[in-house]
Amino acid sequence: MLELAPDCGLRFRLVLKGRISATIKSMPFLSDSHMDLPAGKRKIWRYTSLAKFVRLIQQQSLYFASASQLEDKFEGSLTTPSVERFINMLTNDHPTLPLQLAYQALSLSMRQIAVNCWHLSGNESYVMWSRYATKEDGGIAIQSTVERLSMSFPASQSHVWIGKIKYIDYKQDEIETFRDVKQWFLHKRKPFSSERELRAMIINLPAEGTSINVPPFPGKEIPCDLSALFQTIYIAPTGPPFMFELVCDLCKRFGLSAPVRPSELADAPPHFHDSNS
């Protein structure tokens, strides 16, 4: 038997016949001592298209995308030094455990995690607008806080972990708490550091006795209190003139009281005035 996360709420237990069981603590929002959760008042941003914003407020849910769909192929992997430590751990603690079976269980864990990503910043980001805004409508930025995100998930819904991404060198650095599978998804390569990401994640627990060859988790919409989550809604600086009125109307229709504002990047610079004129 192999325990991957003996003290962090989530435990995967691998048995030699190639089936897996898992147990989880019962809480709606979870963090632990190994997760870097910023101060509650820190601002966070989610940049999205108008179409996805409409879907969000219609469903009253945040979409958690499968980690298998993330663009960085290193997502959910261990660093080179951590792989070496992991193999040594298996060899020492479980000498009769076939490594191939262990790798299959690790692959299962990577295929069963879904994430929802936010940008940590005190201000809007031109880079993030450029990356996520669309040419057709410019896009929307939802501004919230760490505290609002943490408190927006109903107690009866899926368990959500929230933590700040740490950017490291995968050739040299170690993931110290590599026994905790969640930590594999709270580290990224340094070239992605401009994202300044805060990540919420859920784990799809397979039914006890499920084969470790279960297909990837496709992602999931998690019910969310949008009135608690939204602090301010910003319209992209490249958005068409009708966007402001349209988004205001949508918010009113769905009972959202968060103020709607144009992006500060659309502001005109101050003008000098000739005092003699």
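Preceding block: the structure.
Each chain has its residues counted from 1, following the order in which its sequence is written. It should be noted that, the model being predicted, local features are given only for residues of pLDDT at least 70 and side-chain atom pairs only at 80 or more, the latter also being counted only at that level, while totals for whole chains, interfaces and linings use all residues. Side-chain metrics in this entry use all non-hydrogen atoms of the structure; hydrogen atoms and water are not considered.

Undergrad: Got a minute to help me understand the layout of surface pockets in this structure?
TA: The gaps of empty space that remain are located by a probe, the size of a water molecule, rolled over the atoms. Considered as a void within the structure, the largest pocket measures approximately 860 Å³ in volume. Surrounding the largest pocket, 34 residues form its lining, R46, Y47, K52, C117 and Y132 being those nearest its centre. For the purposes of this entry, the term helix denotes a DSSP run of H or I that reaches at least four residues, the term strand denotes a run of E that reaches at least two, and both are numbered from the N terminus. Those elements that place two or more of their residues in the lining of the largest pocket are β5 (43-48), α1 (50-59), β6 (61-66), β7 (113-120), α4 (126-132) and β12 (197-203). Three classes are used, and their members are as follows: Ala, Val, Leu, Ile, Met, Phe, Trp, Tyr, Cys and Pro are nonpolar, Asp, Glu, Lys and Arg are charged, and the others, Gly among them, are polar. Residue composition of the lining of the largest pocket, grouped by class: 14 nonpolar, 8 polar and 12 charged. As defined here, a cavity is a set of points on a 1 Å grid over the protein atoms alone where a 1.4 Å probe fits but cannot get out. A pocket is an open set with protein on both sides within 12 Å along at least five of seven lines, and residues line them when an atom is within 4 Å of a point. Grid points are joined across faces, edges and corners, and a volume is the space filled by probe spheres set on the points.

Undergrad: What is the right way to read the pattern of salt bridges from this model?
TA: Any two side chains of opposite charge can pair if their charged atoms end up close together. Each salt bridge in this description consists of a side-chain nitrogen of Lys or Arg and a carboxyl oxygen of Asp or Glu lying within 4 Å of one another. Tallied over the full model, the rule gives 12 salt bridges. Between E195 and K188 there is a salt bridge, with the nearest N and O atoms lying 2.8 Å from each other. Grouping residues by exposure puts E195 and K188 together as buried. Between K188 and E197 there is a salt bridge, and its shortest N-O distance comes to 3.5 Å. Exposure categories follow from relative accessible area, calculated using a 1.4 Å probe and restricted to protein chains: below 20% of the type maximum is buried, above 50% is exposed, and the middle band is partly exposed. In this structure K188 comes out as buried when scored by relative accessible area, which is 5%. Overall, E197 belongs to the buried group, its relative accessible area being 5%.

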